[in-house]
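Analysis of the macromolecular model
The chain contents come next:
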Amino acid sequence: MAPLILTALTEEWIMNKLGLTQQRLGDVRSLSLPGTYKQKIGYLGTGLAHFERLKYLNLSHNSLVSVEGLQHLKHLKILNLYYNCIPSLEEVKVLFELPVLRELDLRLNPLSKTDPYYRHFVVHAMAGLRKLDGCPVKDADRKNAKKQYLQQRSRDNRQALLDRLSMKLSFLTESDDLDLNHAAANHRCRHYSSQQQPGAGPSPQAENKQQDSYRKPLGELLDLLDKHWVGEKTLQLNTNFLTQIVQILSLMENHISSQDVEVKNLKEEVGALCLFAAAQRREYEADVNKFTADMGELNTQLRAALEENIALRKELLTSERMYRQYMMEHLPACHNIEAKRRVAEMKEEVEELKRKVKEAQSANEHPQVKAVGRLNNIAAQ
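Below is a short write-up of the structure.

Rules behind the numbers
Residues numbered from 1 in each chain as written. Predicted model: local features only at pLDDT ≥ 70, side-chain atom pairs only at ≥ 80, totals over all residues. Heavy atoms only, no water. Helix = DSSP H or I, 4+ residues; strand = E, 2+ residues; numbered from the N terminus. Areas by Shrake-Rupley, 256 points an atom, 1.4 Å probe, with all protein chains shown as cover. Phe/Tyr/Trp six-rings, centres within 6.5 Å; stacked < 30°, edge-to-face > 60°. Patch = residues over 30% accessible without salt bridge, like charges linked within 9 Å, V, L, I, M, F, W, Y side chains within 5 Å. Salt bridge = Lys/Arg side-chain N within 4 Å of Asp/Glu carboxyl O. Buried < 20%, exposed > 50% of the residue type's maximum accessible area, 1.4 Å probe, protein only. Pairing = 2+ DSSP bridges. Arc of directions from axis to C-beta. Core = buried A, V, L, I, M, F, W, Y, C linked by side-chain atoms within 4.5 Å. Contact = heavy atoms within 4.5 Å.

1. Remarks on the overall build of the protein chain
Looking only at helices and strands, one finds nine helices and eight strands in the protein chain. Total accessible area on the protein chain stands at roughly 27200 Å², and carbon and sulfur atoms take up 56% of it.

Dropping the structure here:
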């Protein structure tokens, strides 16, 4: 099976594939570039920059992860992105700049699984859309999409406000003046945004713990505001509201008191840890100084050993030179003595061989004499 080829979309590639010329690109109204099993488009770039009058574009069955490069197709009405790799709605927001887009297909893209509300988001954001993922967009769909979009935005804003309030309240001191009536009237705690943070903040673990302790009462406070305040009247005369506010603030005060005790304990632990760290640092510095002194002594010993080694090498070279000189002076005499010894040995070997030859000759003569005597006796008879 041939490997898959990912292609970057360029004008040259389009012209070669469809047999177009540079002069005709601006007149193209419909363009179909679906991917195949062998080749898919992975990047758009500026390949469609000169297709200004394009109304229909089919990019299905490709490997696009972004639609950046389509925002200038102001006449585009139908866009097919079926079966691509678009991961999130952030990549789709580029299409909101297309004023006359009427049909859009995003099926079988990862965003359809990661974001179950992507259809509501797209329908609400693109007012002129008539068909999405092969299904018509009706008025009921638009109303439902608007409702879902506003609810989601409200949840996001509420969570962001809760996180912001938790962050600010985690740094409050006794001298801070909290104007809760002003916060209730505006439904936004602007006062907290002006609080000054101290120079040395708590550790991330303590900060997260403090935020978690404030989340429950702050959530109840926001629920109470949603229930009683409609944006028209002040809540300063609402007895029911003020009673519940006092209860919530009492709960928060209990949390703050417990946090004060915990902060005091943490400060004591920090002081003890600082003392321990100082002792450890002194011990470490003493070890470093001792190690430095030991290294100096070892360096001295090593230097002495190297000097002794150099002296021994010099003595060895001197002895070797003297030995060679001695051998050169006495070499002929040694050779003469050896030669005389070898000559004496060879003479002895020659004498031994002569003796053995004589013995062999005498041994051969006795049988011949006996044979001649026998022949003479036989002839005489």
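So, next bit.
2. Brief notes about the packing of aromatic side chains
Taken as a whole, this structure holds two aromatic pairs when the rule is applied. Centroid distance Phe96 to Phe121: 5.9 Å. Interplanar angle 40°. Geometry classified as tilted. Linking Phe96 in the loop between helix H2 (89–92) and strand S6 (103–105) with Phe121 in helix H4 (residues 118–125), this pair joins segments that are 25 residues apart in sequence.

3. A look at a nonpolar patch on the surface
A surface patch of nonpolar side chains, amounting to about 310 Å² of accessible area, comprises Phe291, Met295 and Leu298. Summarising the element assignment, Met295 is placed in helix H9 (residues 239–380).

4. A few points about the pattern of salt bridges
A full pass over the atoms with the stated rule returns eight salt bridges. Residue Arg53 is joined to Asp27 by a salt bridge in which the shortest nitrogen-to-oxygen separation is 3.8 Å. Here Arg53 is found in the loop between strand S3 (39–43) and strand S4 (56–58), whereas its partner Asp27 is found in the loop between helix H1 (11–18) and strand S2 (30–32), with 26 residues between them in sequence. Using a relative accessible area of 46% as the deciding quantity, one classes Asp27 as partly exposed. Here Glu345 and Arg341 are joined by a salt bridge, their closest N and O atoms 2.7 Å apart. Taken together, the residues span about one helical turn, with Glu345 and Arg341 both in helix H9 at a distance of four residues. Glu345 gets classed as partly exposed once you look at its relative accessible area, which sits at 33%. Exposure remark for Arg341: the relative accessible area of 40% places this residue in the partly exposed category. Residues participating in the shared-partner salt-bridge network are Glu352, Arg355 and Glu359.

5. Quick notes on the sheet that holds S4
Where strands meet in a sheet, backbone hydrogen bonds hold them as pairs that are either parallel or antiparallel. Strand order in the open sheet formed by six strands is S2-S4-S5-S6-S7-S8, and the pairing between neighbours is mixed. A strand with exactly one partner marks an edge of an open sheet, and here the two such strands are S2 and strand S8 (135–136). Bridging between S2 and S4 involves three bridges; their strand directions are parallel. Within S4, the residue paired with Ser32 across the bridge is Asn58.

6. As for H4
Every buried residue of H4 is listed here: Tyr118, Val122 and Val123. Buried positions in H4, seen along its axis, are confined to an arc of 125° and lie on one side of it.

7. A closer look at the nonpolar core
Counting 41 residues, the largest nonpolar core has Leu57, Leu81 and Leu104 as its most contacted members. Put simply, the parts of the chain that give this core at least two residues each are H1, H2 and H4. Aside from chain neighbours lying at most four places away, what touches Leu81 is Leu59, Leu64, Val67, Ile86, Leu95, Leu104, Asp105, Leu106, Arg107 and Asn109.

8. Side note on the environment of Lys93
Looking at where Lys93 falls in the secondary structure, it is placed in the loop between H2 and S6. What makes Lys93 partly exposed here is its relative accessible area of 33%. Separated by 32 residues in the primary sequence, Lys93 and Ala125 have C-alpha atoms spaced 8.7 Å apart.

9. Overview of unusual backbone geometry
Even without being glycine, His61 reaches a positive phi, approximately 60°. Mapping His61 onto the fold places it in the loop between S4 and strand S5 (78–80). Classification of His61 as partly exposed rests on a relative accessible area of 33%. We note that Tyr83 has phi near 60°; this positive angle belongs to a residue other than glycine. The class of Tyr83 is partly exposed, set by a relative accessible area of 46%.

10. Section: H1
For an α-helix, the turn length of 3.6 residues means that residues three or four places apart are oriented alike. All buried positions along H1 are accounted for by Glu11, Trp13, Ile14 and Met15. In this structure, the buried side of H1 is in contact with strand S1 (5–8), S2 and S3. Of the residues one or two after H1, Gly19 is the one with positive phi, at around 70°.

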